[in-house]
Amino acid sequence: MRDLKIPEQRHPEKARKPDNAQPRKPSWIRVKAPQGDGYKKTHEIMREHKLTTVCEEAACPNAGECWSQGHATMMIMGEVCTRACSFCNIATGKPPEDLDPFEPGRVANAVEKLGLNHVVITSVDRDDVEDGGAEHFAQTIRAIRHRSPETTIEILTPDFLKCDPSVLEIVVDAKPDVFNHNLETVPGLYPEVRPGARYFHSLRLLQRVKELDPSIFTKSGIMVGLGEDKQSVMQVMDDMRAADIDFLTIGQYLQPTPKHQTLDRFVHPDEFKAYETAAYGKGFLMVSATPLTRSSYHAGDDFARLRDAREKKLAQR
């Protein structure tokens, strides 16, 4: 039986890679260890409902803060991903189980118990499933709507690269409030960092969401510190705006283990601020660009700001 707590079994495709140095983190990127009653309550609810969180699986540095406030990003469709991105800490390989038909209900129950105003649902890639899990996402959205009709729903989906293009309509028809799919990095680094994906396919996916339902907010993010240059980051911003993406996130890449993608550099907070200023100048409704920014970090607060920004923009027309 595979033990996902053992690095060699968690990431078999990385086991034979040489170790990459992990430099000491600068002062601006250190975080406190998880603690407090809020953290414990969130942890207990996740375990009670047998749910997986990307906070734990991806070793997110913000897990302590978010869980202490009752926020957690739930990861559906198992804990083994069929892709093997070089930066990611989620276990990789052939998923050992089929999709769980009871999972959408368990997620909805947990959302209700936590009393969430805004929830983020993400998943592993499931290239072994014909629709890539599109119907499973839709069922989860509907289950949450049924149990917690006032909760706004943000999804962070796979790229559905190996599926019929029509599967995207299944997810969009379930009407999430925010449709997020991360580009992760600049196109020149895709062969090394995200070899199982295609940059322009991911970009087109988000563009099609807007074409199918303009009322849904679209969101995408990248990491910096992987070896990109400023010009390539600016080009990604332009590509995103051409695809009518509303919300951009930019965060620091942190190397999970010595076997993962090499960290090129720690990007200074001033550079993140410059990216934020440039992104707003290019027309994004919402931008989050800090070293600790992650896709779902402060997602609820950001959604409220995003909605306000759209209403203000419409009022100015």
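Each residue is numbered by its place in its chain's sequence as written, counting from 1. With pLDDT at 70 or above as the cut-off, local features in this predicted model cover only qualifying residues; side-chain atom pairs require 80 or more to be listed or tallied, and sums for whole chains, interfaces and linings still use all residues. Side-chain numbers come from the whole structure's heavy atoms, not from hydrogens or water.

Undergrad: Could you clarify how one ought to interpret the overall build of the protein in this entry?
TA: Numbering of helices and strands runs from the N terminus, with a helix taken as a DSSP run of H or I at least four residues long and a strand as a DSSP run of E at least two residues long. The helix and strand inventory of the protein stands at 12 helices and 10 strands. Out of the 317 residues belonging to the protein, those deemed buried represent 53%. A contact between two residues is defined here by any heavy atoms of the two lying within 4.5 Å. Counting contacts in the protein only where the partners sit at least 6 residues apart, residues at least 24 apart contribute 76% of the total. Surface exposure here means Shrake-Rupley accessible area, sampled with a 1.4 Å probe, where a residue is shielded only by the protein chains that are shown. Carbon together with sulfur atoms contributes 51% to the accessible area of the protein, which is approximately 14,800 Å² in total. Note on exposure labels: buried denotes an accessible area under 20% of the residue type's maximum, exposed denotes more than 50%, and partly exposed covers the range between, all computed with a 1.4 Å probe on protein chains only.

Undergrad: Please explain the packing of helix H10 (residues 230-242) against helix H11 (residues 269-281) as it appears in this structure.
TA: In a packed pair of helices, the relevant descriptors are the angle between the two axes and the axis-to-axis distance. Interaxial angles span 0 to 180 degrees and are taken between N-to-C directions of axes, which are lines fitted to C-alpha atoms, for helices over the stretch in contact. For the pair H10 and H11, the least separation of the axes is 11 Å and the interaxial angle reads 35 degrees. Like other packed secondary-structure pairs, H10 and H11 cross with a definite hand, here right-handed. Residue-level contacts link Lys 230, Val 233, Met 234 and Met 237 of H10 to Glu 271, Tyr 275, Ala 278 and Ala 279 of H11. All amino acids are sorted into three groups, where Ala, Val, Leu, Ile, Met, Phe, Trp, Tyr, Cys and Pro are nonpolar, Asp, Glu, Lys and Arg are charged, and the leftover types, Gly among them, are polar. Split into classes, the residues belonging to the contact of H10 with H11 amount to six nonpolar, no polar and two charged. Crossings are classed by handedness, with left-handed meaning an anticlockwise turn of the near helix from the far one by less than a right angle and right-handed meaning a clockwise turn.

Undergrad: I keep staring at unusual backbone geometry and nothing clicks. Help me out?
TA: Most of the time, phi is negative for any residue but glycine, and the peptide bond is trans. Despite not being glycine, Lys 175 has its phi angle at roughly 60 degrees, a positive value. Note that Lys 175 resides in the loop between helix H7 (167-173) and strand E7 (178-180). Within the chain, Asp 244 stands out as a residue other than glycine whose phi angle is a positive 65 degrees. Relative to the assigned elements, Asp 244 resides in the loop between H10 and strand E9 (247-252).

Undergrad: Got a minute to help me understand the pairing of E9 in this structure?
TA: Every other side chain in a regular strand lies on the same face of the sheet, so the side chains alternate between the two faces. Of all six residues in E9, six are buried; the element is thus mostly enclosed. Burial of E9 is two-sided: the residues Phe 247, Thr 249 and Gly 251 facing one way and the residues Leu 248, Ile 250 and Gln 252 facing the other way are all buried. Between any two strands, pairing holds if DSSP finds at least two bridges. When strand E8 (residues 217-224) meets E9, the two strands line up parallel, connected through six bridges. Within the sheet, the bridge partner assigned to Lys 219 lies in E9 and is Phe 247.

Undergrad: Would you take a moment to explain the environment of Leu 203 for this structure?
TA: Tracing the sequence through the fold places Leu 203 in helix H9 (residues 199-212). Judged by relative accessible area, which is 9%, Leu 203 ranks as buried. Along the sequence, Leu 203 and Leu 183 sit 20 residues apart, while their C-alpha atoms lie 7.3 Å from each other.

Undergrad: Which parts of the structure should I look at to understand H10?
TA: Residues spaced three or four apart along an α-helix face the same direction, because each turn holds 3.6 residues. A helix is expected to span 1.5 Å for every residue after the first. Its 13 residues place the ends of H10 19 Å apart at the C-alpha level, agreeing with the 18 Å of an ideal helix rising 1.5 Å per residue. The set of residues buried in H10 consists of Ser 232, Val 233, Val 236, Met 237, Asp 239 and Met 240. Projected onto a plane normal to the axis of H10, the buried residues spread over an arc of 165 degrees and lie on a single side. Counted as exposed and oriented over 90 degrees from the buried face of H10: Gln 231 and Ala 242. For H10, the secondary structure elements touched by its buried residues are H9, E8, E9 and H11. In the segment just after H10, Asp 244 is the residue with positive phi, at about 65 degrees. Think of the arc as the fan of directions from the helix axis to the C-beta atoms.

Undergrad: Hey, could you run me through the pattern of salt bridges in this one?
TA: Side chains bearing opposite charge may pair, as long as their charged atoms lie close to each other. Only one rule defines a salt bridge in this text: a Lys or Arg side-chain nitrogen within 4 Å of an Asp or Glu carboxyl oxygen. Using the criterion set out here, one finds 19 salt bridges in the structure. Between Lys 259 and Asp 19 there is a salt bridge, with the nearest N and O atoms lying 2.9 Å from each other. Remark: Asp 19 occurs in the loop between helix H1 (7-10) and helix H2 (37-48) and Lys 259 occurs in the loop between E9 and H11; sequence separation between them is 240 residues. Using a relative accessible area of 27% as the deciding quantity, one classes Lys 259 as partly exposed. Residue Asp 125 pairs with Arg 83 through a salt bridge whose shortest N-O separation is 3.8 Å. Here Asp 125, found in the loop between strand E5 (118-123) and helix H6 (134-147), pairs with Arg 83, found in the loop between strand E3 (80-81) and strand E4 (91-92); they are 42 residues apart in sequence, far enough to count as distant. Overall, Asp 125 belongs to the buried group, its relative accessible area being 15%. Accessibility expressed as a relative area gives 8% for Arg 83, which makes it buried.

Undergrad: Looking at this structure, how should I read the environment of Lys 94?
TA: For Lys 94, the location among the structural elements is in the loop between E4 and helix H5 (103-114). Lys 94 sits 11 residues away from Arg 83 along the chain, and the two C-alpha atoms are 9.2 Å apart.

Undergrad: What am I meant to see in the packing of aromatic side chains here?
TA: Each aromatic ring pair is characterised by the separation of its centres together with the angle its planes make. Pairing of aromatic rings covers Phe, Tyr and Trp, the last counted by its six-membered ring, and requires centre-to-centre distances within 6.5 Å; plane angles under 30 degrees mean stacked, over 60 mean edge-to-face, and any other angle means tilted. Counted under the stated rule, the structure contains three aromatic pairs. Taken together, a centroid distance of 5.6 Å and an interplanar angle of 90 degrees make the contact between Tyr 190 and Tyr 199 edge-to-face. Between Tyr 199 and Phe 200, the aromatic rings sit 4.9 Å apart at their centres with planes inclined by 85 degrees, giving edge-to-face as the arrangement. Through successive ring pairs, a cluster of aromatic residues spans Tyr 190, Tyr 199 and Phe 200. The positively charged end of Arg 241 is found above the aromatic ring belonging to Phe 284, 5.5 Å away from the centroid. Here, over-ring charges are defined by two tests on the NZ atom of lysine or the CZ atom of arginine: distance to the ring centre within 6 Å, and angle to the ring normal within 35 degrees. Looking at Arg 310, its charged tip hangs above the ring of Phe 217, at a distance of 3.7 Å from the centre.

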